[in-house]
Amino acid sequence: MTISKKNIVPITIFLLIIACIIGYFIYSQGVRRAVAGIEDPVQTEDIGNEQITVGGYNVLINYEYAYDIKALVVSTHNYYGLGLGDKLAPKDLALAWGPVAEYNDRIDFHWAQSGRWYRWHTSSYEEILPVGGEAGVSLHSANNHLIPADNTIRRKIKKVRKGDYIRIKGHLANVYGSNSKGDSFQWNSSTTREDTGDGACELIYVTDIEWLD
């Protein structure tokens, strides 16, 4: 088959577009890696609130604790729904620190997120013994719902990928919303790293985020 010169340019452009799409997909997936020596999150007493309007709701964000966490991102999940929760926190991060972050490249964790939950599994219990078994994983990893304090923070959160080593500062918060139709909304943060299951995720009002490595 002979390709005429007039067809070369459209074909080349098409191939470049496909290559860019594939490259972006690979980049956005991030990488598996490990980071040693990450200390536990720091949580301190805090008082304050923010009042904002989102999606027709008047929203009160009550600070429960000031929160400062350095962590390895082991999974990310975007939410595109029209509900208030998705508008407030369009991206969740599954974060790890301590031994879980240190062994993340040696233990074959299968991290996953959906429905505002994070999940993990390994092929055998013996794999996670170096990090303290299931209890160790629970103590040193968590799913985090991130509410950006402004558009600059929102753009930064969008850029976070699996494998990033980041620091997030902000507030663990409880959220209350209501609209003119009488609809109400409530979303509470976990305030301990020791809980599991429903309600164990951290809801963070993010005021600063930075990449550490």
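Parameters at a glance
- Residues numbered from 1 in each chain as written.
- Predicted model: local features only at pLDDT ≥ 70, side-chain atom pairs only at ≥ 80, totals over all residues.
- Heavy atoms only, no water.
- Core = buried A, V, L, I, M, F, W, Y, C linked by side-chain atoms within 4.5 Å.
- Buried < 20%, exposed > 50% of the residue type's maximum accessible area, 1.4 Å probe, protein only.
- Helix = DSSP H or I, 4+ residues; strand = E, 2+ residues; numbered from the N terminus.
- Contact = heavy atoms within 4.5 Å.
- pLDDT = per-residue confidence, 0-100.
- Phe/Tyr/Trp six-rings, centres within 6.5 Å; stacked < 30°, edge-to-face > 60°.
- Lys NZ or Arg CZ within 6 Å of the ring centre and 35° of its normal.
- Lys, Arg positive; Asp, Glu negative; His and termini not counted.
- Salt bridge = Lys/Arg side-chain N within 4 Å of Asp/Glu carboxyl O.
- Polar contact = N/O pair within 3.5 Å; in protein donor to acceptor, adjacent residues only side chain to side chain.
- Pairing = 2+ DSSP bridges.

### Overview of the nonpolar core
Part 1 of the reasoning: Residues Leu93, Leu95, Ile166, Ile168, Val206 and Ile209 are the most contacted members of the largest nonpolar core, which totals 34 residues.
Part 2 of the reasoning: When contributions to this core are tallied by element, the ones reaching two or more residues are β3 (57-78), β4 (91-96), α3 (98-102), β7 (141-148), α5 (151-159), β8 (165-178) and β10 (202-211).
Part 3 of the reasoning: Per-element tally for this core: the top contributor is β3, with six residues.
Part 4 of the reasoning: When near neighbours in sequence (up to four residues on either side) are disregarded, Val206 contacts Leu146, Ile147, Pro148, Ala149, Ile153, Ile157, Ile168, Lys169 and Gly170.

### Considerations on the confidence of the model for the protein chain
Part 1 of the reasoning: Summing up the model confidence of the protein chain, the mean pLDDT is 90 and the portion of residues at 70 or higher is 86%.
Part 2 of the reasoning: A low-confidence stretch, residues 14-27 stays under pLDDT 50, and its non-local contacts, those more than four residues away or across chains, total one contact.

### Brief notes about the packing of aromatic side chains
Part 1 of the reasoning: Under the counting rule described, the total for this entry stands at five aromatic pairs.
Part 2 of the reasoning: Seen in terms of ring centroids, Trp111 and Tyr118 are 6.2 Å apart; in terms of plane orientation they differ by 15°. Their pairing is stacked. Comparing Trp111 with Tyr118 shows no difference in burial state: the two are buried.
Part 3 of the reasoning: Through pairs of rings, three or more aromatic residues link up here, namely Phe109, Trp111, Tyr118 and Trp120.
Part 4 of the reasoning: For Arg106, the ring lying beneath its charged end belongs to Tyr103, and the centroid distance is 4.1 Å.
Part 5 of the reasoning: One residue, Arg116, lies across the ring of Tyr79, its end atom 3.9 Å from the ring centre.

### A few points about the side chain of Asp46
Part 1 of the reasoning: Locating Asp46 in the fold gives a position in the loop between β1 (42-45) and β2 (49-54).
Part 2 of the reasoning: Arg193 is the oppositely charged side chain nearest to the buried, salt-bridge-free Asp46, at an N-O distance of 13 Å.
Part 3 of the reasoning: Engagement of the side chain of Asp46 in a polar contact is seen with the side chain of His171, the distance being 2.5 Å.

### What about the environment of Val74?
Part 1 of the reasoning: Mapping Val74 onto the fold places it in strand β3.
Part 2 of the reasoning: Assessed through its relative accessible area of 4%, Val74 is described here as buried.
Part 3 of the reasoning: The spatial distance from the C-alpha of Val74 to the C-alpha of Ala94 is 5.7 Å, given a sequence separation of 20 residues.
Part 4 of the reasoning: In contact with Val74, not counting residues within four places along its chain, are Ala94, Leu95, Ala96, Asn104, Trp111 and Lys162.

### Looking at the environment of Gly115
Part 1 of the reasoning: Examined against the element boundaries, Gly115 turns out to sit in the loop between β5 (110-114) and β6 (117-121).
Part 2 of the reasoning: Spatially, the C-alpha atom of Gly115 lies 9.0 Å from that of Tyr79, the residues being 36 residues apart in sequence.

### Remarks on the environment of Leu172
Part 1 of the reasoning: Within the secondary structure, Leu172 sits in strand β8.
Part 2 of the reasoning: Under the relative-accessibility criterion, Leu172 is labelled buried at 0%.

### Digging into the pattern of salt bridges
Part 1 of the reasoning: Tallied over the entire structure, the rule returns seven salt bridges.
Part 2 of the reasoning: Overlapping salt bridges bring together Asp86, Asp92 and Arg116 as one network.

### Things to note about the pairing of β3
Part 1 of the reasoning: Alignment of β1 against β3, held across four bridges, turns out to be antiparallel. If you follow Val42 over to β3, its bridge partner there is Asp68.
Part 2 of the reasoning: Judged from the six bridges that link them, β2 and β3 form a sheet pairing that is antiparallel. By the bridge assignment, Gln51 is partnered in β3 with Leu60.
Part 3 of the reasoning: As consecutive antiparallel partners, β2 and β3 are separated by two residues, and within that stretch Gly55 has a phi angle of approximately 55°, a positive value.

### Considering the pairing of strand β9 (residues 184-187)
Part 1 of the reasoning: Examined bridge by bridge, β8 and β9 share four bridges and lie antiparallel to one another. Among the inter-strand pairings, Val175 is bridged to a residue of β9, identified as Trp187.
Part 2 of the reasoning: Counting the residues that bridge the hairpin from β8 to β9 gives five residues, and of these Gly182 lies at a positive phi of roughly 90°.

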